[in-house]
Structure formats: structure tokens, C-alpha cells
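Notes for the structure review
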Amino acid sequence: MTNERRYDVISNDSGKPIKAWTHGVSVEDGAVRQLRNVASLPFVHKWVAAMPDVHMGMGATIGSVIPTDGAVIPSAVGVDIGCGMQAARISLSREDLPEDLSSIRSAIERAVPHGRTDNGGSRDRGSWHRPPQVVKDAWKELEPRYEAIVAKNSKIGRGKSFEHLGTLGTGNHFIELCLDGDDQLWIMLHSGSRGVGGRIGRIFINMAKKETARWYVGLTDPDLAYFPQGTAFFNDYLEAARWAQDFASTNRELMMNAVLEALADHRDLPPFEGPIEVVRCHHNYVDWERHYGKNVLVTRKGAVRAREDDRGIIPGSMGARSY
């Protein structure tokens, strides 16, 4: 039913309700099924929330918010842990941009490793071959916690880590120059925790499946396997996920600074000030929050936090507008 709060309530006879901000939006049957599966888990706190762009994911829908009391679901966070956005406004406007932006694009591409070649091997263009000092310094801050995580699970260390810090990657990740409603210029980028976050996600998702099977827990969807609070795996996953989220935030910060430097040195742009405003947000993450008198874990999968005074970014896709 629709109410004055502008969300629909999707009925769920076997669990908590689903508040869906999808009034007037078509939602695929598979996504509704996944939402009901998640909301039927016994540790869901209050309800599951669905966003207007909700669609099927692995286990949990993309575009959903899942509060849990006493457990964490690794696949609900996914494999790109800490994926999110950063945007920075500088003191340039539409009229300051040259007619042809190709040389500016080339400068950004030179400043930030991106894409994937050599099957991700030693000549991969999406990795650093000789990381600059700023990347080395940032890695020094992250490395001790990473080593502690790898000491518990050596498989996490079997792949690139610092070589991906400050790089864009592949998929739907992007760097763009965009204009706001006042024709002011923003730099916007969308990225996550790269290969190391993917390894952490996959390893813990598989571990959760094995543990859930060992406990003979029946699930409507095996991808909703979870770790109960109080277990070593629960603590280890949160430790690794938080680190990956910090890696992702640092990754975006390094790329943004590299783009700002590239634009500042570009011959076709006038001198500028900035960043004047910066917006930062994760949209694939898990964190402790307090809701309705309880400290609970909130997993946002393809969703941003929207508390009072929070500023968020909804990314476009393949050239579509971002908001």
C-alpha cells in the first residue's frame, strides 16, 4: 500500500516488512523475491529498505539497506567493498572550458592508471609499475592493518594490493568532469577497493557459505550465508571489510588529488582555486549505527547514507547524469 511517506510496503509474511521507495517505479520480480528473502532472516532489525533503482544482485538486491542485529552477511556488502563516490567543485565554469576536451581527457588518463591489460599481470596498465611517493606514503598508513589481516588468512595477500592504490580499475567506475545547475565545474569519480577488496569479499563469502552449511542452517538463498556475532569469523570479516573501506576512501582521495594536479598543469585551462566543496560517500559498505535504541550493523548495497545534513552522490552510468 502507498502512504503519505511516499514509500510502499512490500508484504512479507515470513519476516520483517520491506519499505520500498519505489512508488511509480517498476521493480522486477526477482528483486522483490530477493528483498523478501533478506527480510525473512531472523536477525534483520526493524525492516529492509529498498531504493528507487533497486535491482537483482548476488543474494541481496543492489539498491537496498539491511540493518542486522547479531549477524553480518558478506555477500550483502559484495566484492567491491567500500565502492563509492567523491566529487570536488573547483572555481571554473562552463565558459572556462575549451571547445575540445580531448587533451584534458588525455591528461587525466596519464595521471590515473585505469583499465586492465595483460590479464592483470605485471604489464597491466591499470596498476602502478612505479608508484609515486604519495602512494607509497598512503600505503604505509594502511599496511600494518593489512598485514594483520593477511596473517589470519594468507589467501587475501595473493594478489595486488598497493599497486592498485590510487588507480581507477574497470567496470562501471569512472572519472568525469561535470557541470552543476549553475554551470560550475566539478570533478567526480566512482571507484572502490580494487583487487584486494574483491579478494576479501570472495574469500569471506565462501567462508560464510561453508560455515552456514556446517551449522545445517537452511537458507532460501545460499548467497545469504552469514556470520553470527560473537564468532571469530564475524570479527575477522568486519576487520577486513573496514580496512577495505578505508583503502577505497584513500584510493579515491589519491585519484582526486592526481586529477586536480593534472588540471592545474593543463595549458588549456586558466588558474583555478579548489577544491571549494568536496562530497565523499561509500555506497557498498557495512558499519555500526544506532537505530531505535540499538547498536546494529547497517549494510548499504548500492545505497548512500541519508541522515540530516549528509551529502550524497548518485552516479550515472555510461554517460548518464550523476546527481
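Everything below is about the structure printed above this text.
Notes on the structure in this doc start here. Residue positions within a chain follow its written sequence, with the count starting from 1. The predicted origin of the model limits local features to residues at a pLDDT of at least 70 and limits the giving and counting of side-chain atom pairs to 80 or more, whereas totals for whole chains, interfaces and linings rest on all residues. Only hydrogens and water are set aside; all other atoms, that is, all heavy atoms of the structure, feed into the side-chain values.

A word on the environment of Asp309
So the rule is basically this: Numbering goes from the N terminus for both helices and strands, where a helix is a DSSP run of H or I of at least four residues and a strand is a run of E of at least two.
Note on placement: Asp309 falls in the segment after strand S12 (294–301). Considering only alpha carbons, one finds Asp309 and Tyr292, 17 residues apart in sequence, at a separation of 20 Å.

With respect to helix H3 (residues 102–111)
Our working definition: Exposure categories follow from relative accessible area, calculated using a 1.4 Å probe and restricted to protein chains: below 20% of the type maximum is buried, above 50% is exposed, and the middle band is partly exposed. In this context, the arc is that of the directions from the helix axis out to the C-beta atoms. Contact criterion: two residues are considered in contact whenever any of their non-hydrogen atoms come within 4.5 Å of each other.
Among all positions of H3, only Ser103, Ile104, Ala107, Ile108 and Ala111 are buried. For H3, the buried positions fall inside an angular range of 145° around the axis, keeping them on one side. The outward face of H3, more than 90 degrees from its buried face, is lined by the exposed residues Arg105 and Arg110. In the core, the buried residues of H3 are packed alongside strand S7 (174–179) and helix H6 (232–264).

Description of the sheet that holds strand S11 (residues 284–291)
Note the cut-off: One bridge is not enough; two strands pair if DSSP finds at least two bridges between them. Axes here refer to lines fitted to C-alpha atoms; in helices the fit is confined to the stretch in contact. Angles between the N-to-C directions go from 0 to 180 degrees.
The sheet built from six strands is open, its strands ordered S1-S2-S3-S4-S12-S11 with mixed pairing. The open sheet has two edge strands, strand S1 (8–10) and S11, and neither has a second partner. Between one strand axis and the next, the sheet turns by 25° as a mean value, whatever way the strands run. Where strand S2 (residues 18–20) lies against strand S3 (residues 48–55), three bridges are found, and the strand directions are parallel. Paired with Ile18 across the strands is Val48, a residue of S3.

Overview of the pattern of salt bridges
Quick note on the threshold: One speaks of a salt bridge when a side-chain nitrogen belonging to Lys or Arg is within 4 Å of a carboxyl oxygen belonging to Asp or Glu.
For the structure shown, the criterion picks out 14 salt bridges. Where Asp183 meets Arg94, a salt bridge forms, and the shortest distance between an N and an O atom there is 3.3 Å. Residue Asp183 is found in the loop between S7 and strand S8 (184–191), and its partner Arg94 is found in the loop between strand S6 (84–93) and H3; the two are separated by 89 residues along the sequence. Residue classification places Asp183 among the partly exposed positions, given a relative accessible area of 30%. Residue Asp310 pairs with Arg305 through a salt bridge whose shortest N-O separation is 2.8 Å. A relative accessible area of 30% means that Arg305 is categorised as partly exposed. Here the salt bridges share partners, and the residues they tie into one network are Arg89, Glu277 and Arg311.

Details of the nonpolar core
Side chains of nonpolar character tend, in soluble globular proteins, to be buried together. Keep this limit in mind: Residues belong to one nonpolar core when they are buried, are Ala, Val, Leu, Ile, Met, Phe, Trp, Tyr or Cys, and are joined through side-chain atoms within 4.5 Å.
Counting 32 residues, the largest nonpolar core has Ile200, Tyr237 and Trp243 as the members making the most contacts within it. Taken together, the elements giving at least two residues each to this core come down to helix H4 (133–152), helix H5 (194–214) and H6. Ranked by residue count, the leading element in this core is H6, at nine residues. Filtering out sequence-adjacent residues up to four positions away, Trp243 remains in contact with Trp139, Leu142, Arg145, Tyr146, Ile149, Val196 and Ile200.

Describing the packing of aromatic side chains
Threshold: Centres within 6.5 Å make a pair out of two Phe, Tyr or Trp rings, where for Trp the six-membered ring is used; the pair is then stacked when the planes are under 30 degrees apart, edge-to-face when over 60, and tilted otherwise.
Per the stated rule, a full pass over the model turns up 12 aromatic pairs. Between Tyr7 and Trp21 the ring centres are 4.8 Å apart and the planes differ by 50°, which places this aromatic pair in the tilted class. One end of the pair, Tyr7, is in the segment before S1; the other, Trp21, is in the loop between S2 and helix H1 (29–39), with 14 residues separating them in the sequence. Given the relative accessible area of 8%, Tyr7 is considered buried.

Remarks on the packing of H3 against H6
Our working rule: To sort the angles, those under 35 degrees are grouped as roughly parallel, those over 145 as roughly antiparallel, those from 65 to 115 as roughly perpendicular, and the leftovers as oblique. Left-handed describes a crossing whose near helix is turned anticlockwise from the far helix through less than a right angle; right-handed describes the clockwise counterpart. Gly is put with the polar residues, along with every residue not named as nonpolar or charged; the nonpolar set is Ala, Val, Leu, Ile, Met, Phe, Trp, Tyr, Cys and Pro, and the charged set is Asp, Glu, Lys and Arg.
The contact between H3 and H6 brings their axes to 9 Å, and the two run at 140°. In terms of orientation, H3 and H6 fall into the oblique class. The element H3 and its partner H6 pack so that their crossing is right-handed. Residues Ile104, Ala107, Ile108 and Ala111 of H3 form the contact with H6, whose participating residues are Ala258, Val259, Ala262 and Leu263. Here the residues of the contact of H3 with H6 sort into eight nonpolar, no polar and no charged.

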